[in-house]
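# Structure assessment
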Amino acid sequence: MKHEKLVRDKIPIIIERDGRNPVGKELEGEDFHQALIDKFLEEVSEYNESHDLSELADILEVIHGVLAYRNVNFEELEIIRKEKENSRGGFYNGSFLIRVDD
């Protein structure tokens, strides 16, 4: 079965334990970064279809992967998020902009 996608680090080990032979490679550099972006979009799509909290956890795990790739810790991202929330608000009230009339 062909997958050609980024998987969690332990998936090849789990596949081997099941008596199957995983064929893959370790990505680096921009190839790895692009695979993380592709995985993020995949997980967002899965959440959109299922609304399952485990899919949100997968999205968060991919975000942690991107942060590690960029050598940024989660606390730094959280500071940026809070600054934006303080200056522009969050997404808690359901504010939906239809248009701006001049």
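Along every chain, residues carry numbers that run from 1 in the direction the sequence is written. This being a predicted model, a pLDDT of at least 70 is required before a residue's local features are given, and a value of 80 or more before pairs of side-chain atoms are given or counted; all residues contribute to the totals for chains, interfaces and linings. Side-chain metrics rest on all non-hydrogen atoms present in the structure, leaving aside hydrogens and water.

## Some words on the pattern of salt bridges
Under the convention used in this document: Think of a salt bridge as a Lys or Arg side-chain nitrogen and an Asp or Glu carboxyl oxygen that are within 4 Å of each other. Runs of H or I in DSSP of at least four residues are treated as helices and runs of E of at least two as strands, each being numbered from the N terminus. Relative accessibility thresholds used throughout: buried, under 20% of the residue-type maximum; exposed, over 50%; partly exposed, between the two (1.4 Å probe, protein chains only).
Per the stated rule, a full pass over the model turns up nine salt bridges. Here Arg81 ties to Glu78 by a salt bridge, and the two come within 2.8 Å at their closest N and O atoms. Highlighted residues: Arg81 and Glu78, both in helix H4 (residues 74–88), separated by three residues, approximately one helical turn. Residue class for Glu78 comes out partly exposed when judged on its relative accessible area of 23%. For Glu85, the salt bridge goes to Arg81, with nearest N and O atoms at 3.3 Å. With Glu85 and Arg81 both in helix H4 and four residues apart, this pair spans about one turn of that helix. Through salt bridges that share partners, Lys5, Lys39, Glu42 and Glu43 make up one connected network.

## Points about a negative patch on the surface
Going by this rule: Distance thresholds for patches are 9 Å for like charges and 5 Å for nonpolar side chains (Val, Leu, Ile, Met, Phe, Trp, Tyr), applied to residues having over 30% relative accessible area and no salt bridge. In this description, accessible areas are obtained by the Shrake-Rupley approach with a 1.4 Å probe, and a residue is regarded as covered only by the protein chains that are shown. Within this scheme the basic residues Lys and Arg register as positive and the acidic residues Asp and Glu register as negative, but His and the chain ends are omitted. Here the site of a charge means NZ on Lys, CZ on Arg, CG on Asp, or CD on Glu.
Among the surface-exposed residues, Asp9, Glu26, Glu28 and Glu61 lie close enough to one another that they form a single negatively charged patch. Residue placement: Glu61 occurs in helix H3 (residues 53–69). A relative accessible area of 43% means that Glu61 is categorised as partly exposed.

## Description of helix H2 (residues 29–50)
The condition that has to hold: Expected helix span is taken as 1.5 Å per residue step, with the number of steps being one fewer than the number of residues. The directions from the helix axis to the C-beta atoms are what the arc is built from. Between two residues, a contact is recorded if the distance between any of their heavy atoms is within 4.5 Å.
Taking 1.5 Å of rise per residue, 22 residues should cover 32 Å, and H2 covers 32 Å from first to last C-alpha, within 8% of that figure. Those residues of H2 not exposed but buried are His33, Ala35, Leu36, Lys39 and Glu43. Projection of H2 onto a plane perpendicular to its axis shows the buried side chains occupying an angular sector of 155 degrees, all on one side. Summarising the geometry of H2, the exposed residues directed more than 90 degrees from the buried face are Asp31, Leu41, Asn48 and Glu49. Taken together, the buried residues of H2 touch H3. Looking one or two residues past H2, His51 carries a phi angle of roughly 60 degrees, positive in sign.

## With respect to the packing of aromatic side chains
Condition: Two aromatic rings from Phe, Tyr or Trp, using only the six-membered ring of Trp, form a pair when their centres are within 6.5 Å; if the ring planes differ by under 30 degrees the pair is stacked, by over 60 it is edge-to-face, and anything between is tilted.
Going through the model one piece at a time under the given rule, you end up with one aromatic pair. Between Phe32 and Tyr69, the ring centres sit 5.8 Å apart and the planes meet at 80 degrees, which makes this aromatic pair edge-to-face. Residue Phe32 is found in helix H2, and its partner Tyr69 is found in helix H3; the two are separated by 37 residues along the sequence. Judged by its relative accessible area of 24%, Phe32 falls in the partly exposed class.

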